[in-house]
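# A closer look at the structure
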Amino acid sequence: MKLVKPASKLSALCICLGLVGVCLNPAVADDPPPARQALKVCADPQYLPFSNQEGKGYENRLAQLIATELQLPIEYTWFPQRLGFIRNTLRQELPDGTGFLCDLVMGLPQGYELTATTDPYMQSTYALVIRSDGQLSKLQQATDLLTSDPANAEQIKIGITETSPGAAWLAKYQLHQYMSPYAAQTGDPADFPGKPILTDLLAGQLDAAIVWGPTAAYFTRHQQAGRSLKMLPLKSEAGVKFNYAISAGVRFGEKAWKEQINTILHNKQAEIQKILREEYQIPLVDDAGEVLAATSQ
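Summarised in this report is the structure supplied together with it. From a predicted model like this one, the values you see are computed outputs, not experimental measurements.

### Overview of the overall build of the protein
Counting its regular elements, the protein contains 9 helices and 14 strands. Out of the 297 residues belonging to the protein, those deemed buried represent 47%. For the protein, contacts bridging at least 24 residues in sequence account for 72% of all contacts bridging at least 6. In the structure as shown, the protein presents an accessible area of about 15,300 Å², 52% of it carried by carbon and sulfur atoms.

### Here we look at the environment of Gln 46
In this fold, Gln 46 is placed in strand E3 (residues 46–47). For Gln 46, a relative accessible area of 40% translates into the label partly exposed. For the pair Gln 46 and Phe 79, spaced 33 residues apart in the sequence, the C-alpha separation amounts to 9.2 Å. Not counting residues within four places of it along the chain, the set of residues in contact with Gln 46 comprises Ser 51, Asn 52, Pro 189, Ala 190, Asp 191 and Phe 192.

### A look at the state of the cysteines
Counted under the stated rule, the structure contains 1 disulfide. The disulfide partner of Cys 42 is Cys 102, and the S-S distance across this bridge is 2.2 Å. Because the sign of the S-S torsion sets the handedness, a value of about 110 degrees for the bond joining Cys 42 and Cys 102 places this disulfide among the right-handed ones. In this pair, Cys 42 is assigned in strand E2 (residues 39–43) and Cys 102 in the loop between helix H3 (85–88) and strand E6 (104–109), connecting sequence segments 60 residues apart. In terms of burial, Cys 42 and Cys 102 fall into one category: buried.

Thresholds applied
Residues numbered from 1 in each chain as written. Predicted model: local features only at pLDDT ≥ 70, side-chain atom pairs only at ≥ 80, totals over all residues. Heavy atoms only, no water. Helix = DSSP H or I, 4+ residues; strand = E, 2+ residues; numbered from the N terminus. Buried < 20%, exposed > 50% of the residue type's maximum accessible area, 1.4 Å probe, protein only. Contact = heavy atoms within 4.5 Å. Areas by Shrake-Rupley, 256 points an atom, 1.4 Å probe, with all protein chains shown as cover. Disulfide = S-S within 2.5 Å.

This is the structure in structure tokens:
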């Protein structure tokens, strides 16, 4: 496995599109590409529940499933999911000019602008995560928050990231007083998504949080001093979108490679759904945002 160190300075992401005219001998143009010796995956080494170097993330599991179908060993290029991730992994050529550092990225939004994306292999939604001993512990569904009149409402704190769907939803219903804002990412690339929010939930400093579905499921697998967490999936509504389709990413122009991955994702959809739903308890939804299966807590 290769470990790529992050650049010393972060720069803004950009897309450089260019056309290069090349005259090719027809015989050369028709030659098939070299056979792959491994499935080379770009991933974050410390990004649970998505991926980590120990292979415990659900994206690790899905990448291994693809590698097995291709009958190839899996190799990782590790880089933090920060600015420059695609530029320093999927689009980074090897020094000897024989290819790229890696060829596949799991877990990208469908239609992501920096890569070509496969058909979606999952669709999840944001969820309200509730502390078992907090003031919102009796909520049975997320929308109960809009109609409940809890005692000491002025003391309720709900962790959200700024400009997130959770913040937009609370603002829509004039619940600004509940908001406890957090940065989307900390300054430490070793922190998994939402780590400060989870820490404060378990410490009793928050009553609830609104986070992306896979992260919400990850939160519910933690407890501290008898304090447990429960998630209530949120459904998209006018003005606030909670559910998103997730795909894998490849380089632009690699149509055959993308279709090869698409075929595997379609053929293994039942196994993929089982991994996501049963092993990681991720709330999966349909196009209308309806939860496909109840998740265990």
